[in-house]
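Geometric and topological summary
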Amino acid sequence: MSLKLYADFLSQPCRAVGLLLEKEAVPYDMVTVSLIKGENKTNEEFGRVAPLKQVPAIDDKGFTLFESAAILKYLVRAYNLPSHWYPEDVQKRARVDQYLVWQQGNIRNGLFFKKCAAPVFGLPVDQAEVDKLEGGLKAGMQFFQDYFLAGDGPFVCGSEISIADLQAMCQISQFWIAGLKAEAFFPKIEAWMKACQNFLGKSFEKVYKTVYDLAEEGKMKGASDFKWK
Ligand SMILES: N[C@@H](CCC(=O)N[C@@H](CS)C(=O)NCC(=O)O)C(=O)O
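Keep in mind it's a predicted model, so treat the numbers as computed, not measured. (Residues numbered from 1 in each chain as written. Predicted model: local features only at pLDDT ≥ 70, side-chain atom pairs only at ≥ 80, totals over all residues. Heavy atoms only, no water.)

Those residues carrying the UniProt feature "domain: GST C-terminal" (unreviewed entry) are residues 89-226 in this numbering. The span residues 89-226 is 59% helical and 0% strand by assignment, and the distance between its end C-alpha atoms comes to 38 Å. (UniProt positions renumbered as here; feature names shortened; annotations may be inferred. Helix = DSSP H or I, 4+ residues; strand = E, 2+ residues; numbered from the N terminus.)

This is how it looks when you write it as structure tokens:
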């Protein structure tokens, strides 16, 4: 029995896990848990693996785990993946951990759901809340550029890509689904995004198919564009 990934590549943390598995050619069986169809609430097998009913989750020969950051770290260690993903060097590792904690509420602040996805789920859009979250994301992006991308190389830990980059790129690119390019306002973030994309190559194209398909459908177009200029 190989590794099972319960995921929907519409979801940012699911893509981060998918990208790592694809790039490193780790064999896995994908169990798609469609968020739009509400399968995370109805799929009983998934409910046993992920009691909080959130994707992603894995079942690795009976060992179950949810929370993408924990899954990414587990995969690097359990499958002996190249150490640049989660560096052995304590300071680099601390920088990765710092990003993973900081991104909650800063880069991952709920704006995409409140602004773009809510209408698809039949929920109202609270414009005042959206405006506040948009301001928060703009500040988060600025900080990401000025602090986390201040090193020598294109990535958070310098010249080598890590799981922090995977998480960050999956969050920031989420707005592509709605036709919005959040990174276009921040030149260093735009260049970093390209560097991540180039590094990931074919695995990026495979995992991002869902993003491109949804963008083409156009159902999650934001009520308005970012007004960040
Ligand atoms: N901190 C979790 C977040 C997981 C999460 O929020 N997943 C969302 C999709 S991005 C989900 O499953 N939402 C469905 C729900 O909450 O009902 C992680 O990084 O894995």
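That was the structure; now back to the text.
Residues Phe144, Met169 and Trp192 are the most contacted members of the largest nonpolar core, which totals 78 residues. Broken down by element, the residue count for this core peaks at eight residues, all from helix H9 (residues 187-207). Counting contributing residues, this core receives three or more from each of domain 1 (3-81) and domain 2 (87-217). Setting aside its immediate chain neighbours within four residues, Met169 contacts Leu19, Trp192, Met193, Cys196, Leu200, Phe204 and Tyr208. (Core = buried A, V, L, I, M, F, W, Y, C linked by side-chain atoms within 4.5 Å. Buried < 20%, exposed > 50% of the residue type's maximum accessible area, 1.4 Å probe, protein only. Domains from an automatic or database assignment. Contact = heavy atoms within 4.5 Å.)

Here we take up the domain arrangement of the protein chain. Splitting the protein chain by domain gives domain 1 (3-81) and domain 2 (87-217). The straight-line distance from the C-alpha centre of domain 1 to that of domain 2 is 19 Å. Taken together, the 20 residues of domain 1 in the interface contact 24 residues of domain 2. Summed over both partners, the interface of domain 1 with domain 2 buries about 2,000 Å², with 68% contributed by carbon and sulfur atoms. Among the residues domain 1 hides against domain 2, the three largest losses belong to Gln12, Arg15 and Leu19. Together they make up 33% of the total. If you look at where domain 1 meets domain 2, you find two salt bridges. Applying the counting criterion to the domain 1 and domain 2 interface returns nine residue pairs in polar contact (both at pLDDT 80 or more). Put simply, the parts of the chain that give the side of domain 1 that touches domain 2 at least two residues each are helix H1 (12-23) and helix H4 (68-78). Among the elements that take part in the side of domain 1 that touches domain 2, H1 stands out by supplying nine residues, more than any other. Among the residues forming the side of domain 1 that touches domain 2, the class breakdown is eleven nonpolar, three polar and six charged. (Buried area = accessible area lost by both parts, 1.4 Å probe. Salt bridge = Lys/Arg side-chain N within 4 Å of Asp/Glu carboxyl O. Polar contact = N/O pair within 3.5 Å; in protein donor to acceptor, adjacent residues only side chain to side chain. Nonpolar A, V, L, I, M, F, W, Y, C, P; charged D, E, K, R; others polar.)

Turning next to the packing of helix H5 (residues 90-102) against helix H7 (residues 127-148). Contact pair H5 / H7: the axes reach a minimum separation of 13 Å and the direction vectors enclose 175°. Our classification of the angle between H5 and H7 gives roughly antiparallel. Taken together, the residues of H7 that come into contact with H5 (itself represented by Arg95, Gln98, Tyr99 and Trp102) are Gly140, Phe143, Phe144, Tyr147 and Phe148. When grouped by side-chain class, the residues that make up the contact of H5 with H7 number six nonpolar, two polar and one charged. (Axes fitted to C-alpha atoms, helices over the stretch in contact; angles between N-to-C directions. Parallel < 35°, antiparallel > 145°, perpendicular 65-115°, else oblique.)

The next subject is the side chain of Asp8. If you trace the backbone, Asp8 turns up in the loop between strand E1 (3-7) and H1. Buried Asp8, no salt bridge; nearest opposite-charge side chain is Arg15, N-O distance 7.5 Å. At 2.9 Å, the side chain of Asp8 forms a polar contact with the backbone nitrogen of Leu35. Once residues lying within four places of it in the same chain are set aside, the contact partners of Asp8 are Cys14, Met30, Val33, Ser34, Leu35, Ile36, Val55 and Thr210. (Lys, Arg positive; Asp, Glu negative; His and termini not counted.)

Per the stated rule, a full pass over the model turns up eight salt bridges. Note that Lys206 and Glu22 form a salt bridge whose closest N and O atoms lie 3.2 Å from each other. Placement of the pair is Lys206 in helix H9 and Glu22 in helix H1, with a sequence separation of 184 residues. Looking at Lys206, the relative accessible area reads 53%, which means it is exposed. The residue Lys73 makes a salt bridge to Asp97 at a minimum N-O spacing of 2.9 Å. Of this pair, Lys73 sits in helix H4 while Asp97 sits in helix H5; the two residues are 24 residues apart in sequence, bridging distant segments of the chain. The class of Asp97 is partly exposed, set by a relative accessible area of 24%.

Covalent bonding between the sulfur atoms of two cysteines defines a disulfide. Evaluation of the coordinates by the stated rule reveals zero disulfides. There is no disulfide at Cys14, and the cysteine sulfur nearest it, in Cys170, is 9.6 Å away. (Disulfide = S-S within 2.5 Å.)

Attention now goes to the site of the ligand. In the neighbourhood of the ligand, the contacting residues comprise Ser11, Gln12, Pro13, Leu35, Asn40, Lys41, Gln54, Val55, Pro56, Glu67, Ser68 and Arg108. In this structure, an oxygen atom belonging to the ligand sits 3.0 Å away from a side-chain N or O atom of Lys41. Contact distances for the ligand include 2.8 Å between a nitrogen atom and a side-chain N or O atom of Glu67. The set of elements that each furnish at least two residues to the shell around the ligand consists of H1 and helix H2 (39-42). (Near = heavy atom within 4 Å.)

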